[in-house]
Structures are given as structure tokens and as C-alpha cells.
Amino acid sequence: MASARPKKPSAWSPFKYPAFALLWTATLVSNIGTWMHDVGAGWLMTTLSPSPAIVALVQAATTAPVFLFALLAGALADRLDKKRLLIWVNLAMLLVTAGMTAMVAFDQMTPVLVVTFTFLLGTGAALIAPAWQAVVPSLVGQDTLQPAVALNSIGINIARAIGPALAGALIVSAGLYAPFAVNMLTFCVILLALMLWTPARQPASALAPEPLADAIFTGVRHALNNAALKAVLKRALGFFLWASAFWALLPIAAKAVEDQMFGSGAALYGILLGTTGSAAVVGALILPRLRHYLAAETLVTLGAIGMAFALVLLAIFPVSLAVLAGALLAGVSWIAVLTSLNVSAQTALPNWVRARGLSVFLMVFFGAMTVGSTLWGQVAENVGLRAAFGVAALGLLVSAFALRGVKLGRAGARDLSPAMAWPEPTVALASDDLNDRGPVLVSVRYDIKAGSEADFLAALSALAGERRRDGASEWNVYQDAATPTSWVEVFKLPSWAEHLRQHERATVSDAALRSAVHAFHVGPQAPKVDHLLAPSAAPGRPPKLSDTDA
């Protein structure tokens, strides 16, 4: 009797994990407040300055901090206790929101202050974004990671559906200060949930945490040598730079058609954002079924084409019904792209560098949104709103065509759990500061069969990527002139501690790359490994350590 196929997790399966359900619910409430703030800030700016370039600065002030501080935030999230980091930053954001609420209530706001407060809140969001993203895999099982990421996107878009409409109603009924006051209260909800949450224990490293600057450089180096993550970054840049026109110019589009069907531009703006969010929720619910038939890169391409047509609707038909249709199409397209890219980024990263890798993704995402928001505001200012939407739509189509060969989601089959396959190096050097010694040069000598050089070098090239991803700053391979069948792999690390971290970082998939290279070795013993350390402060020759751990 044939064994039954394992049942695929449903879209709602992550809710069986209490920690995920708690934080998801609190984050939903907080995101509703955030969207209310965004609508309030965008509309407040239109009352203070009618210039499209100035209004678009609100969107830029929201996204610029993530671009500026994402790498720092990722390094902090990988080094510090994530729960404490989230609590302290959310508390600071609560205080900033309270100040903004008071300024609006007492009619003391100016365009500069709106941008300043928005930038401060954006900075807080930037500091916690990688931590939130990196926490998700620890809240659910591996088989429910994709539904969990999709549910996070659904939560954001439920908030986008509720928050803007609620903000528009409150602005009309209570005044411009009301959305900011509600946002202030939502921070209390997320703080309570964080205090109730008990994170799962993570295996502790025996090594001291990396210095902050080194941690940042290690994260960037890993990203640059992670082919699956680089594919995500290319696709993200090619989409968000152009799609940012929708979010940056939507307040202007709402104001341009405010009298054609709705009496208030603020109400229409809220309805448009609510429509976009509702469409995104529907899109997120049907995405699991679509993924069964379509590859991630196909979904991203279709999402880019859909967003292009949404912008065309806004450009050619500046009337309320057409703008609503564009908002519907934009919501479905946006969620298809964002969820596909997010899942692909999550599955491309091992746990030790997850926050830093995701911070690089967020930096590209929000960097493209920041540049795009500023760019589209200037284009609309100089050549008109219709032209700005038209150019952005054309850019999306050209980009989708140019990047159609960039594949996504190819890391899902890799086992990124720690392998712990390298034995500890044999150390014959007595030194209290050994971990700080560096740089370290590691050499591995292979003896291979004549005629297998091409296949050996191909396998070694794949292993070189792993060496760089896990900490090596330089890598090379050399052939022995006296013995042509002998090859020496050499890679360099900044310190002995970093080499020990390299041992801890190696994944099961990395171990398979190493085994593939070692399969070419035909010597009577394992490949010979030497570790060379630069001289310490004391005079003398560089000490030499040998083992067979590579």
C-alpha cells in the first residue's frame, strides 16, 4: 500500500502556536495604528503644503530610515536579545507618537516637524524590522514557515484595509490629531504582548559576540555570496523602485478626484488605501494555491505587470471608479510580489545570519521605495501626475522583462541547519588572547587524480562561496608547480575567533559541498590543513597550528 502524501499545512496552521498567535494579533493592532499614522501624516502634509514634492517627502521619511539603519539593525538583532530590543524600541516609539499627537492637537505642526516625527518613527521601525522578521521562524515549525510569512503579510494588509478607512473617518469626525492618538495607544498593546511572550531558548555560543562593525561586514559579505538572496535583491530593486510611485502619489491622486464622487479627499484616500489592503488580503489567501502551479519568479513577474496596469489606470483615467479599480489591482499585485520575495529571502538564510541577511533585503526594499518616492514626487511636480504614473508603469514592464530569467526560491531544498561537522582545531599555543589574534590564513592541500582538474575546480568553486559566506574575507586556490596533481586552497579570516565562528556557522548543505570536494582527494590521509596566525604584539615568528578540520 502506497504511503499517503504528507498533508500540506493550511494557511491558518501557524495559529496553532500560541506565541505566533499572540504576537501576530498584537502586531495587527499595532499595524492598524501605523497605517492610521501614515494616512494622518500624508493628509496633514497636504493641508500644510499642496506641493506633490513636499507631500511625497512623508513617504520618503517613512522609508529612508530603513535604508540608512537596516544593516545596523540587523547586526543588533543577531547580537542582542531580540525581546529586549523590541520592547525598548517600541517604548521609544510610543513616546515619539505621544509628542506628535500633542503637537497636532495644539495646532503647532509644520511641514518640517511632520517629516521629523515621521523620520523618528521610521527609525524605530527600521531598528526592529529585522528582529521581527528573524523571530518568525522561531515561533512556528519549519513546515509552517511559508504560511507564517504569508499570514504576516495578510496582517499588514488587514491593517491597511482597516487603518486608512478608520483614519479617514476619525479625521473627518474628530480632527487630524485622532489617528496619531490611536496609534499611540496601539504601542501599549504591542508592549504588553512582548512582555507576555517567552522566547524559545537558542543554543548559546561559547564565543564572545562579534564586534558590531565586524558583524555588519560579515552580514554584507554573506549576502554578497549568497546566490539565492542576491536573486531576491535583484527582483526587489527591479520592482519597488517603480512601484513606489503608487504609494508616493496616491494622496495627490485622491485629492485630484475628491469632488467627482466623494465629498472629501481624506475619505477617498482612506478608501483607496483600504481597497488596496482588502485586495491584498484576498491575494494573500489565494497565493498558496497559486504557488502550487506557479514558480515564485513567475508570481513576481505577473505582480509587476499587474502593478503596471494599475498605474496606467491612475494615469489615463483620473476618475474615482478607475482609481478604485487601480487600487484593487495594485493590492493583489503588491502582495504577490512582496510575499514571494519575503519567503524566498527567509528560506535563503541560515539562522546565525538571518536578521542581517533580512536587513540587506529590507535595505534594498526601502532604499528603492525612498529613492522612488522622492523621484516620483519630483516627476509629478515637473511634468504632471499622469506622466509620473505612466513612466513608472513603463519602468515596471521593462524591468519585469529584463529580470525574467532571475530565479527565486531555489534555496528551499537546502538544509540550513547547523552541521557542526568540523572538529575543533588542535591548538598547541598557550595564549590568553588567542581569539583576538589575526588575521588567520587557512590552507588545505588536496591530492587529486590527473585529468579530474576541471570537475575538482568546479566543486571547489562552489565551496569557495561557502567559505566567504561563513566569514572568509579572501579565498584562492593554487596548483603545486612541482606536483601538478596537488592543489592548495587558501582562505583568510580576520581573527581566530572568526574562524571558530566559521566552524559553528557551517550548515548541513555546506558540509555536503565540503564532502563533494573531499571526494576528489586520493591521498592516503585526509587533506592536510594548516592554520597560520599573524604575529602577536610580542616579537617572533608567526605560530603554526595543524589539524584536519577543513
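All values derive from a computational prediction rather than experimental measurement.

Calculation notes
Residues numbered from 1 in each chain as written. Predicted model: local features only at pLDDT ≥ 70, side-chain atom pairs only at ≥ 80, totals over all residues. Heavy atoms only, no water. Axes fitted to C-alpha atoms, helices over the stretch in contact; angles between N-to-C directions. Helix = DSSP H or I, 4+ residues; strand = E, 2+ residues; numbered from the N terminus. Parallel < 35°, antiparallel > 145°, perpendicular 65-115°, else oblique. Left-handed = near helix turned anticlockwise from the far one by under 90°. Contact = heavy atoms within 4.5 Å. Nonpolar A, V, L, I, M, F, W, Y, C, P; charged D, E, K, R; others polar. Buried < 20%, exposed > 50% of the residue type's maximum accessible area, 1.4 Å probe, protein only. Polar contact = N/O pair within 3.5 Å; in protein donor to acceptor, adjacent residues only side chain to side chain. Pairing = 2+ DSSP bridges. 1 Å grid on protein atoms, 1.4 Å probe; cavity = no way out; pocket = protein on both sides within 12 Å on 5 of 7 lines; lining within 4 Å. Points joined across faces, edges and corners; volume = space filled by probe spheres on them.

Student: What is the right way to read the packing of helix α1 (residues 18-48) against helix α4 (residues 111-139) from this model?
Tutor: Two measures define how a pair of helices packs: the angle their axes make with one another and the distance between the axes. Running from N to C, α1 and α4 point in directions that differ by 160 degrees, and their axes come no closer than 12 Å. Here α1 lies roughly antiparallel to α4, going by the angle between them. Once α1 is placed against α4, the crossing between them reads as left-handed. Taken together, the residues of α4 that come into contact with α1 (itself represented by Ala19, Phe20, Leu23, Thr27, His37, Ala41, Leu44, Met45 and Leu48) are Pro111, Val114, Val115, Thr118, Leu121, Trp132 and Leu139. Residue composition of the contact of α1 with α4, grouped by class: 13 nonpolar, 3 polar and no charged.

Student: Explanation requested: the packing of helix α8 (residues 227-256) against helix α10 (residues 296-316) in the structure shown.
Tutor: Across the interface, α8 lies against α10 with an axial gap of 10 Å and an inter-helix angle of 20 degrees. Taken together, the axes of α8 and α10 lie roughly parallel to each other. For the element pair α8 and α10, the recorded crossing hand is left-handed. Contact residues: Arg235, Phe239, Trp242, Ala243 and Phe246 in α8; Glu297, Val300, Thr301, Gly303, Ala304, Met307, Leu311 and Leu314 in α10. Across the contact of α8 with α10, the residue classes break down as 9 nonpolar, 2 polar and 2 charged.

Student: Sorry, what's going on with the environment of Arg235 here?
Tutor: As for its position among the elements, Arg235 is in helix α8. On the accessibility criterion, Arg235 (3% relative accessible area) is buried. For Arg235 and Ala400, which are 165 residues apart along the polypeptide, the C-alpha to C-alpha distance reads 8.5 Å. With residues near it in sequence (within four places) discarded, Arg235 still touches Glu297, Val300, Thr301, Leu341, Leu403, Arg404, Val406 and Leu408. Of note is the side chain of Arg235, whose polar atom sits 3.4 Å from the backbone oxygen of Arg404.

Student: Help me out: how do you make sense of the environment of Asp436 in this one?
Tutor: For Asp436, the position within the fold is in the loop between α13 (385-402) and β1 (440-447). According to the relative accessible area criterion, Asp436 is exposed, its value standing at 67%. Here the alpha-carbon distance between Asp436 and Ala497, two residues 61 residues apart in the chain, equals 6.5 Å.

Student: For this particular structure, what's the right way to read the pairing of β1?
Tutor: Residues in a regular strand project their side chains so that they alternate between the two faces of the sheet. Bridge analysis of β1 against strand β3 (residues 486-493) gives 8 bridges, and the strand direction is antiparallel. Residue Arg445 lies in a different strand from β3, and its bridge partner there is Val488.

Student: Would you explain empty space enclosed by the protein in this entry?
Tutor: Any space left empty among the atoms is revealed by the rolling of a water-sized probe across them. Applying the stated criterion across every chain, the model contains 4 cavities of 30 Å³ or more. Counted as a void, the second largest cavity has a volume near 50 Å³. Around the second largest cavity sit Arg235, Gly238, Phe239, Val300, Thr301, Ala304, Ser399, Ala400 and Leu403, which together line it. Contributing elements (two or more residues each) for the lining of the second largest cavity: α8, α10 and α13. Class assignment of the residues belonging to the lining of the second largest cavity gives a composition of 5 nonpolar, 3 polar and 1 charged.

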